[in-house]
Amino acid sequence: MDATNDMNGTGISFLGGPCPQRGVGVVAPFDFALDRELWRWVPDEVSLHLTRTPFVPVEVSLDLARLVSEHRTLAAAVRTLTAVTPEVVAYACASGSFVGGIAGERAMRAAMTRAGAVAAVTTSGALLEALTELGTRRVALVTPYTVSLTRSLQDYLAEAGVTVTGCACMGLTRHIWKVPYRGVADMARRAARGDQPQALFLSCTNLPTYDVIPQMEAELRIPVISANQVTMWAALRRLGTRPVGPYQALPSGVPPAPPRPRHEDGGAWPALSDEPQEGRP
């Protein structure tokens, strides 16, 4: 039978697909709810393979950050991904990868490699890599965390030689993925009022950020990076490719665009929708 002919009268022709895919493994905490946001940064030729750490009855806190980053837990999660042979494995949790400091983050990557990851990245390691790429050591912070967990992030950055110019935290211990875009943007404006930040970081991989980044970059005129963005950027960098992030400084490799003009009547910026735009998968 001619492969180009109609197959079984269905109207479907054999096209020789699907296209080859390159794999990125992702280890996320058990309560991670933003799979779709990760996919929005991923180019068509790359597939994400996600797994999660086991459930523990603990709310978002220093204790939870330590539990979801235990080497035994991390190694078991990485081993669940080895059957699909990802080219890199990313640990997608900011607090779990900064709670142990610089040495703790490095030890996590080493544990992932021992468990079978060809290459390993973590959210907090990717954050430092992104700040180096952007050439900045002065950053404002937005976190959904409690004060104690936020201070742990500040300590991590200070250890890396990064100055925190301003900080806004939400004090949440659960359901972080439900924070609306407007709430994220309001906190970003508060944090950026500090002493001349060169970049703004939106922490936590469970905090929705994809559609906030372009508007905040245009409004604040500094790079705005988020936990999910830097994680995908660093993982895809190991594959020699870039994330899909229109009008985002880090994926595009260009500085933020100047702000859009205000309305002639002097009105405020258009409000962000609380609903994320559609994307893959």
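Scroll up to find the structure.
In this text the structure is predicted, and so the values were computed from the model without any measurement.

A. Representation of empty space enclosed by the protein. Across all of its chains, the model carries one cavity of 30 Å³ or more by this definition. Estimates place the volume of the largest cavity at around 180 Å³. When contributions to the lining of the largest cavity are tallied by element, the ones reaching two or more residues are helix H2 (62-67) and helix H4 (94-98). Class assignment for the residues of the lining of the largest cavity results in twelve nonpolar, four polar and one charged.

B. Fine view of the pattern of salt bridges. Under the defined criterion, the tally for this structure stands at eleven salt bridges. With a shortest N-O distance of 2.7 Å, Arg109 and Glu105 are connected by a salt bridge. Of this pair, Arg109 and Glu105 both sit in helix H5 (residues 101-114), four residues apart, which is roughly one turn of that helix. On the accessibility criterion, Arg109 (30% relative accessible area) is partly exposed. For Glu105, a relative accessible area of 4% puts it in the buried group. With its nearest N and O atoms 2.7 Å apart, the salt bridge here joins Glu219 to Arg189. One end of the pair, Glu219, is in helix H9 (residues 212-220); the other, Arg189, is in helix H8 (residues 181-191), with 30 residues separating them in the sequence.

C. Up close: the pairing of strand S7 (residues 199-202). Judged by which residues are buried, S7 turns out to be covered on both faces: Ala199 and Phe201 on one side and Leu200 and Leu202 on the other are all buried. In the sheet, strand S5 (residues 138-143) pairs with S7 via four bridges, with the strands oriented parallel. Bridge assignment links Val142 to a residue of S7, and that residue is Leu202. Sheet topology places S7 next to strand S8 (residues 224-226); three bridges connect them, and they run parallel. Residue pairing across strands places Leu200 opposite Val224, the latter belonging to S8.

Cut-offs used in this document
Residues numbered from 1 in each chain as written. Predicted model: local features only at pLDDT ≥ 70, side-chain atom pairs only at ≥ 80, totals over all residues. Heavy atoms only, no water. 1 Å grid on protein atoms, 1.4 Å probe; cavity = no way out; pocket = protein on both sides within 12 Å on 5 of 7 lines; lining within 4 Å. Points joined across faces, edges and corners; volume = space filled by probe spheres on them. Helix = DSSP H or I, 4+ residues; strand = E, 2+ residues; numbered from the N terminus. Nonpolar A, V, L, I, M, F, W, Y, C, P; charged D, E, K, R; others polar. Salt bridge = Lys/Arg side-chain N within 4 Å of Asp/Glu carboxyl O. Buried < 20%, exposed > 50% of the residue type's maximum accessible area, 1.4 Å probe, protein only. Pairing = 2+ DSSP bridges.

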